[in-house]
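Reading the structure
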Amino acid sequence: MNLEIFDNNEILIKNISDKFIFLLNKIITEKGKAYIALSGGNTPKKLYEYLYTNYKYWKNWHKIHFFWGDERCVPADSPESNYGICNTKLLSKVEIPKENIYPIEGTVTPEISAEKYSELIKKHLPEKNLLPRFDLVILGMGADGHTASIFPPQIEFIESDKICEAATHPETKQKRISLTGKVINNADNIWFLLSGKNKAEKLKSILNKEPKSKNYPAAHIAPTDGNLIWFADKNATHLLQ
Ligand code: 6PG
């Protein structure tokens, strides 16, 4: 379990951005292209902004295939849309062929969207362990221990045999589409991005393997044969010994 701690959110975002470019350069040198799944939330939003500001002229943007680990069932132009935010902050402003960007449909029946996205992933991604293989999956973690859009009341989606599930936010009842735990864990690289004191209690529980952490979906993210790194600022790690 690799844990990298940074003094504050800004330094966290800078380091993740630099490592993002370094890792993808390496993958693209080896394989010619890279398949990644991005996250929603505020932390990744700052990552997209930093990547644009500091890497807008990076030579390899067009060699990346952009997917999402989860999406809200909203129109792409909604301020809630994970794709919409990433597209506005980054994708629409750098050299990426449109066909390399694979948004999750947010305006069709969730179950149909989950099925269609599963088919799209199967069609485009290489396989490993008989499952689609992402080179990199970037995740956040909610204060309740959710990750992607796998929330504690639907923790069974961690072990689902599907590629994507139609999920529901436990408080807002907002419909979501989420990669399942098996597909996330099949990735070569899984990065958690954590910032803020509201993550600290769950992070401590998960890293200390406390019994109650088994109720948190983020605790079940454990790569089959890839690398997991937790990137966190000191606000998120202040409860760790
Ligand atoms: C989403 C995200 C979600 C997010 C966490 C953490 O669609 O909301 O995929 O899983 O990563 O809620 O969000 P923050 O980074 O904003 O704390």
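What comes next concerns the included structure. All figures in this text were calculated on a predicted structure; none of them were measured in a lab.

1. Notes on the pattern of salt bridges
Applying the stated rule across the entire model yields 21 salt bridges. Measuring nitrogen to oxygen at the nearest pair gives 3.2 Å for the salt bridge that ties Glu4 to Lys19. One end of the pair, Glu4, is in strand E1 (residues 2-6); the other, Lys19, is in helix H1 (residues 9-31), and 15 residues separate them in sequence. By relative accessible area, which is 23% here, Glu4 ends up partly exposed. With a closest N to O distance of 2.8 Å, Lys234 and Asp7 form a salt bridge. Here Lys234, found in helix H7 (residues 234-237), pairs with Asp7, found in the loop between E1 and H1; they are 227 residues apart in sequence, far enough to count as distant. Lys234 sits in the partly exposed class, given a relative accessible area of 46%. Shared partners join several salt bridges into a network, and the residues in it are Lys31, Lys128, Arg133, Asp135, Asp188 and Asp225.

2. A look at the packing of helix H2 (residues 42-55) against helix H3 (residues 82-89)
H3 packs onto H2 with a crossing angle of 20 degrees between their chain directions and a minimal axis gap of 9 Å. Comparing their axes, H3 and H2 come out roughly parallel. Every pair of crossing elements has a handedness; the one defined by H2 and H3 is right-handed. For the pair formed by H2 and H3, the contact residues are Lys45, Tyr48, Glu49 and Tyr52 on the first element and Ile85, Cys86 and Lys89 on the second.

3. Details of the sheet that holds strand E8 (residues 164-168)
Strand order in the open sheet formed by three strands is E4-E9-E8, and the pairing between neighbours is antiparallel. Looking at the sheet topology across the chains shown, the edges are occupied by strand E4 (70-72) and E8. Across the sheet, the mean angle separating the axes of adjacent strands is 20 degrees when strand polarity is ignored. In the sheet, E4 pairs with strand E9 (residues 175-179) via three bridges, with the strands oriented antiparallel. Residue Glu71 lies in a different strand from E9, and its bridge partner there is Ile177. Lying on the sheet, helix H4 (residues 110-124) is in contact with E8 and E9; it crosses E8 at an angle near 150 degrees.

Conventions used here
Residues numbered from 1 in each chain as written. Predicted model: local features only at pLDDT ≥ 70, side-chain atom pairs only at ≥ 80, totals over all residues. Heavy atoms only, no water. Salt bridge = Lys/Arg side-chain N within 4 Å of Asp/Glu carboxyl O. Helix = DSSP H or I, 4+ residues; strand = E, 2+ residues; numbered from the N terminus. Buried < 20%, exposed > 50% of the residue type's maximum accessible area, 1.4 Å probe, protein only. Axes fitted to C-alpha atoms, helices over the stretch in contact; angles between N-to-C directions. Parallel < 35°, antiparallel > 145°, perpendicular 65-115°, else oblique. Left-handed = near helix turned anticlockwise from the far one by under 90°. Contact = heavy atoms within 4.5 Å. Pairing = 2+ DSSP bridges.

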